[in-house]
Amino acid sequence: MFSQKVVNVGGVKIGGKHPIVIQSMTNTDTTNVEETLLQIERLKNSGAQIVRVSVRSKDDIQPFSEIVKKAQVPLVADIHFDYRIAIESIKAGASKVRINPGNIGSDVKIREIVKVAKDYNVPIRVGSNSGSIAKEFSNLPRHKALAESALKEVRLLEKEGFYDIVVSVKSVDAKETFVANQYLSRLIPYPFHIGVTEAGVFEDAVILSSAGLGSLLINDIGDTIRISISGDPVREVELAKNLLIALGLRTGVRVIACPTCARAEIDVERLAYEVKKMLKDKEVKKNITVAVMGCVVNGPGEAKHSDIAIVGTKNSSAAIFLKGELFGTFKRSEIKEKLFEIIEEVQNS
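Residues numbered from 1 in each chain as written. Predicted model: local features only at pLDDT ≥ 70, side-chain atom pairs only at ≥ 80, totals over all residues. Heavy atoms only, no water.

1. Observations concerning unusual backbone geometry
- You will see that Asn121, though not glycine, has its phi angle at about 55°, which is positive.
- Judged by its relative accessible area of 61%, Asn121 is exposed.
- The phi dihedral of Asp220 falls on the positive side, at around 60°, and the residue is not glycine.
- Looking at where Asp220 falls in the secondary structure, it is placed in the loop between helix H8 (202–217) and strand E10 (224–225). (Buried < 20%, exposed > 50% of the residue type's maximum accessible area, 1.4 Å probe, protein only. Helix = DSSP H or I, 4+ residues; strand = E, 2+ residues; numbered from the N terminus.)

2. Things to note about the packing of H8 against helix H9 (residues 234–246)
- Where H8 contacts H9, the axes come no closer than 11 Å and their chain directions differ by 40°. Judged on the interaxial angle alone, H9 and H8 are oblique. Considering only the axes of H8 and H9, their crossing is right-handed. Only Arg235, Leu239, Leu243 and Leu244 of H9 make contact with H8, whose side of the interface consists of Phe202, Val206, Ser209, Ser210, Leu213, Gly214 and Leu217. (Axes fitted to C-alpha atoms, helices over the stretch in contact; angles between N-to-C directions. Parallel < 35°, antiparallel > 145°, perpendicular 65-115°, else oblique. Left-handed = near helix turned anticlockwise from the far one by under 90°. Contact = heavy atoms within 4.5 Å.)

3. Some remarks on the sheet that holds strand E7 (residues 124–129)
- The parallel closed barrel is built from eight strands, whose spatial order is E3-E4-E5-E6-E7-E8-E9-E10.
- Here strand E4 (residues 50–54) pairs with strand E5 (residues 75–78) via four bridges, running parallel. Within the sheet, the bridge partner assigned to Val53 lies in E5 and is Ala77.
- H9 rests against strand E3 (21–25) and E10 of the sheet, and its axis sits at about 160° to E3. (Pairing = 2+ DSSP bridges.)

4. Some remarks on the environment of Leu216
- Considering the arrangement of structural elements, one finds Leu216 in helix H8.
- Accessibility expressed as a relative area gives 0% for Leu216, which makes it buried.
- Expressed as a C-alpha distance, the spacing of Leu216 and Gln182, which sit 34 residues apart in the sequence, is 7.6 Å.
- Those residues in contact with Leu216 that lie beyond four places of it in its chain are Thr177, Phe178, Asn181, Ile194 and Ile221.

5. Description of helix H6 (residues 142–159)
- With 18 residues, H6 ought to run about 26 Å at 1.5 Å a step, and its terminal C-alpha atoms sit 26 Å apart, in line with that.
- The set of residues buried in H6 consists of Ala145, Leu146, Ala147, Glu148, Ser149, Ala150, Leu151, Glu153, Val154, Leu156, Leu157 and Glu158.
- Next to the buried residues of H6 lie helix H4 (101–104), helix H5 (107–120), E7, strand E8 (165–170) and helix H7 (174–185). (Expected span 1.5 Å × (residues − 1).)

6. A closer look at the pairing of strand E15 (residues 325–331)
- With six bridges connecting them, strand E14 (residues 317–322) and E15 associate as antiparallel partners. Directly across from Ala318, in E15, lies its bridge partner Phe330.
- Between E14 and E15, which pair antiparallel one after the other, the connecting turn spans two residues, and Lys323 there sits at a positive phi close to 55°.

7. Examining the UniProt feature "domain: IspG TIM-barrel" (unreviewed entry) in the chain
- The feature "domain: IspG TIM-barrel" (unreviewed entry), as given by UniProt, occupies residues 5–240 in the numbering adopted here.
- Taken end to end, residues 5–240 is 44% helix and 18% strand, and its first and last C-alpha atoms sit 23 Å apart. (UniProt positions renumbered as here; feature names shortened; annotations may be inferred.)

8. Topic: the nonpolar core
- In terms of nonpolar packing, the biggest core is built from 68 residues, with Leu75, Ile99, Ile124, Leu184 and Ile225 touching the most fellow members.
- Sequence-distant contacts of Ile99, that is, excluding residues within four places in its chain, are made with Ile79, Ala86, Ile104, Ile110, Ile113, Ile124, Arg125 and Val126.
- Counting residues in hydrophobic clusters, the runner-up holds 32 residues, among them Ala272, Val290, Ala303 and Ile320. (Core = buried A, V, L, I, M, F, W, Y, C linked by side-chain atoms within 4.5 Å.)

9. Quick word on the pairing of strand E2 (residues 12–15)
- One ladder, built from four bridges, connects strand E1 (residues 6–9) with E2; its direction is antiparallel. Bridged to Val7 within E2 is Ile14.

10. Regarding the pattern of salt bridges
- For the structure on display, the rule yields 17 salt bridges.
- Residues Asp60 and Arg56 are paired through a salt bridge, measuring 2.7 Å at the closest nitrogen-oxygen approach.
- Among the ionic pairs, Asp78 bridges to Arg98, the shortest N-O distance being 3.3 Å. Taken together, the positions of Asp78 in strand E5 and Arg98 in strand E6 (residues 96–98) put the pair 20 residues apart, joining distant regions of the chain.
- What makes Arg98 buried here is its relative accessible area of 14%.
- Among the charged side chains, a network of salt bridges with common partners joins Asp29, Arg56 and Asp60. (Salt bridge = Lys/Arg side-chain N within 4 Å of Asp/Glu carboxyl O.)

Laid out in structure tokens, this is it:
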């Protein structure tokens, strides 16, 4: 089940029945205000609804304050070790802070953060990952140790009367991530930020994150997501959108294609990429599936489950089917125009 508690992050609501929120994190130097703002804008334009920014020391506070004033999305301050940086980040305008009580220090320091967070109505994210398992749980199975470590941090905040909490449990292992989150979701009502940590470069992150996050989401666990990819964070957002669309949790156009065989009369892969490019920024009001098929032998039949099917032919034309019925045959240069026309028809049907 999705979380019962709803947390407001700078106007973006996480939890309950609200749509799953996509997050990412800047990898620019926070003291470089212009560069960081540019990356935040790119992330926002790609679909990120919340962006996390590292606030490493007191030298980052002033730049972070400037970034907050100009950013067009809510910002989360990512804090480690120094509780004073968390407090100053809240005062500088953070919409949420991410802390690790395990490296912040004593309960007194946590209490000081909570006091300011209450005053400013700022949520706190806590949790655990593969590198932050509490020592007292080291004898437990790893998934349970991860979950109990996160639960310990939640109880610290609750002890101070603080309940605007977002929880995150991440492992480098997809199955471990799933089992740990499943275990913890039965114990607390707060929104879950889900992801697989250290997922690697793009092609590896696609596999790990699809397995880890996909398994959680189809089991109704997860309220906000970040897909971790080494490199440009914009790719994290694009992949997150595609995952949510594929799972039917976000409206969009999904392009599928046949695996090809000797009957294929066209370069299916090339046409599929062309169609994806055509539809990349197309906004729709409902989920629409477009199938790209390689031949007229069984392509139309296989694509009946799709809203729209494009079946290529040798003579540089394509037959377009709507709900399994032939809509018409068109030149390749006409496909985009016809696709847009049909999509409007599908949306209004």
